[in-house]
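Here are the chains, one letter per residue:
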Amino acid sequence: MKNAHFRDRVDAGRTLAQALERFRHEDIVVIGLPRGGVVVAYEIAHALAAPLDVCVVRKLGAPMEPELGIGAVAEGGAIYVNRDMMRLAAVSDEELGALVAEKNREVDERVRRLRRGMTPIDFRSKTVLVVDDGVATGGTVQAALRHLRTIGAHRLVLAVPVGASESLRDLAPLADEIICPYPEDNFVAVGLWYDDFAATTDDDVVALLSHARADHARGERPSVLATRKSDRVLAHTTRDVEIALPSGRGSMGGTLDVMPDARGLVAFAHGSGSSRYSVRNRYVAGELQRSKIATLLFDLLTEEEERTDRVTAALRFDIGLLASRLVIATDWLLSETSTRGLKLGYFGASTGAAAALVAASRRSAAVTSLVSRGGRPDLAGDVLPLVSTPTLLVVGGDDTEVLELNREAFNRLRCEKSIEVVPGASHLFEEPGTLEIAAHLAARWFCGHFAEGERAANNANKKHALR
């Protein structure tokens, strides 16, 4: 078995986008296969400044062995059946008919849930890049390709980061071209090629589709960077800019997004082995940006430290180290032209919440507000009573153990504080609508405190003028 080639689906999408660069100037549409394939497809659409849509497909699992795929159905009624697998699983034609009817109903429901009234993109007479996070048996991809060809795709290009060589050969007659950087003869499972293969939710897909449409409407393309002699990376433009922050042990990668009329800026503190590519934190960042709040998503660990942490899981609980990295990012933001003067907030998740609280105690004059989502503020320990930054704790109602830890930490805080419990949410806020609620609560908290800071500054200026 080979080692993982990709950190996560975002990393896979960016790698695959490089192999698809030659399509940039063609009339293309990127189609992601939900759910995981949409994360990969989003990065490709963003890199190529192309529109993004989905093709909803459901696997046909054998009645007695649901994980054994015997085919797939796609929106529009396209069906693929592997008769050999059907015979192997002893599935009758009657059972197949009932299974197809059930999955077609699921497809129709998922189409409504994911598009939420958005009109499908018209890709007739265009080149369609069909993207998934990998190909194992190829059943879902077969159904998708058949559907897309039937409804008028001019040219079909299947693009996947990794796939079983035999399945890719079976798919060749259905696509005009297949691009796969890592075809594998002895293929076991797609997930083995990823360090992080966490499940993607319907809300994740909805958010990515929405952001992709907004990006495409603005005509945004990846930012151009300029490097300083100090090895820090600074951008001439501040929309979705890649930066590098020095840590003393290497550099920490980040993504900075600042709009011209930003109300303030929120720095994200990830935790528990996550990174700036976290789909959930990227979703929250997107929602904050809709409220005119600039964002910085960055890695609290260097690449070498991340490799160590994947094995030991020790650094993700080193709250002092994580907090010191957030302080470095804070000082950088306070000194840079594009962010200097903006009201600053912290958003912490999991162990990153404790790091945010510790960092806020060290930079209390600079940090106006803090939000923890599914966090572990209890890990801030004796620092909790020293925090003066207004703090909101958002916790899932079904995350009972962490909820109790948050309540204990809440009682130790002496600052302005609030705790919000999201009903039905687990630790990762994977349930439909729960992450949206958390993002709304965070945006309201930040906007309110950024506005208070602005009013206080204006009042101070008026008093000074009257002297």
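Residues numbered from 1 in each chain as written. Predicted model: local features only at pLDDT ≥ 70, side-chain atom pairs only at ≥ 80, totals over all residues. Heavy atoms only, no water.

Student: Which residues make up the overall build of the protein, and what values go with them?
Tutor: Looking only at helices and strands, the protein features 13 helices and 20 strands. Relative to its 467 residues, the protein shows a buried fraction of 53%. Contacts in the protein between residues far apart in sequence, at least 24 positions, make up 67% of those at least 6 positions apart. Within the structure as shown, the protein displays about 20,500 Å² of accessible surface, and the carbon and sulfur contribution to it stands at 50%. (Helix = DSSP H or I, 4+ residues; strand = E, 2+ residues; numbered from the N terminus. Buried < 20%, exposed > 50% of the residue type's maximum accessible area, 1.4 Å probe, protein only. Contact = heavy atoms within 4.5 Å. Areas by Shrake-Rupley, 256 points an atom, 1.4 Å probe, with all protein chains shown as cover.)

Student: I'd like a rundown of empty space enclosed by the protein, residues and numbers included.
Tutor: Counted by the stated rule, this structure contains one cavity of 30 Å³ or more. For the largest cavity, the calculated volume is near 50 Å³. Grouping the constituent residues of the lining of the largest cavity by class yields five nonpolar, two polar and two charged. (1 Å grid on protein atoms, 1.4 Å probe; cavity = no way out; pocket = protein on both sides within 12 Å on 5 of 7 lines; lining within 4 Å. Points joined across faces, edges and corners; volume = space filled by probe spheres on them. Nonpolar A, V, L, I, M, F, W, Y, C, P; charged D, E, K, R; others polar.)

Student: Explain the pattern of salt bridges to me, using residue names and the numbers behind them.
Tutor: Under the criterion given, the structure shown has 28 salt bridges. Put simply, arginine 110 and aspartate 202 hold a salt bridge, and the shortest N to O gap is 3.9 Å. Placement of arginine 110 in helix H4 (residues 93-115) and of aspartate 202 in helix H7 (residues 202-218) is noted, with a sequence separation of 92 residues between them. Residue arginine 110 is classed as buried on the basis of its relative accessible area of 8%. On the basis of relative accessibility, which here comes to 7%, the residue aspartate 202 falls in the buried class. Between arginine 276 and aspartate 299 there is a salt bridge; the shortest N-O distance is 2.6 Å. Placement of the pair is arginine 276 in the loop between strand S15 (264-269) and helix H8 (279-290) and aspartate 299 in the loop between strand S16 (293-298) and helix H9 (303-312), with a sequence separation of 23 residues. Connected through shared salt-bridge partners, Arg35, Glu109, Arg110, Arg112, Arg113 and Asp202 make up one network. (Salt bridge = Lys/Arg side-chain N within 4 Å of Asp/Glu carboxyl O.)

Student: Kindly report on H4, identifying the contributing residues and their values.
Tutor: With 23 residues, H4 extends 32 Å between its outermost C-alpha atoms, agreeing within 8% with the 33 Å of an ideal straight helix rising 1.5 Å per residue. Along H4, the residues that are buried comprise Leu96, Leu99, Val100, Lys103, Val107, Arg110, Val111, Leu114 and Arg115. At the C-terminal side of H4, arginine 116 shows a positive phi close to 45°. (Expected span 1.5 Å × (residues − 1).)

Student: Describe the sheet that holds strand S20 (residues 417-422), and please don't skip the residues or the numbers.
Tutor: On the basis of which strands lie adjacent, the open sheet formed by eight strands has the order S13-S14-S16-S15-S17-S18-S19-S20 and mixed pairing. Edge positions in the sheet fall to strand S13 (241-246) and S20, since each has one partner strand and no second. The average undirected angle you get between the axes of adjacent strands in this sheet is 20°. With six bridges connecting them, strand S17 (residues 344-349) and strand S18 (residues 367-373) associate as parallel partners. (Pairing = 2+ DSSP bridges. Axes fitted to C-alpha atoms, helices over the stretch in contact; angles between N-to-C directions.)

Student: Residue-level account of the layout of surface pockets, with values.
Tutor: By volume, the largest pocket amounts to about 1,200 Å³. Around the largest pocket, the lining comprises 40 residues; the ones closest to its centre are Lys59, Asp132, Ala136, Thr137 and Thr140. Contributions of two or more residues to the lining of the largest pocket are made by helix H2 (36-48), strand S3 (57-62), strand S4 (65-74), H4, helix H5 (139-150) and helix H6 (165-171). In terms of residue count, S4 provides more of the lining of the largest pocket than any other element does, six residues in total.

Student: Tell me what's going on with the packing of aromatic side chains, and back it up with residues and numbers.
Tutor: Counted under the stated rule, the structure contains six aromatic pairs. Here phenylalanine 6 and tyrosine 194 contribute two aromatic rings whose centre-to-centre distance is 5.5 Å and whose plane-to-plane angle is 40°, an arrangement assigned as tilted. With phenylalanine 6 in the segment before helix H1 (9-19) and tyrosine 194 in the loop between strand S10 (182-184) and H7, this residue pair connects regions lying 188 residues apart in the sequence. Overall, phenylalanine 6 belongs to the buried group, its relative accessible area being 2%. Measuring from centroid to centroid gives 6.0 Å for phenylalanine 446 and phenylalanine 450, while their planes differ by 20°, and the two rings are stacked. (Phe/Tyr/Trp six-rings, centres within 6.5 Å; stacked < 30°, edge-to-face > 60°.)

Student: Help me get a handle on the environment of glycine 341, residues and values and all.
Tutor: Within the element layout of this structure, glycine 341 appears in the loop between helix H10 (319-335) and S17. For glycine 341, a relative accessible area of 68% gives the class exposed. Sequence separation of glycine 341 and leucine 265 is 76 residues, and the distance between their C-alpha atoms is 9.8 Å.

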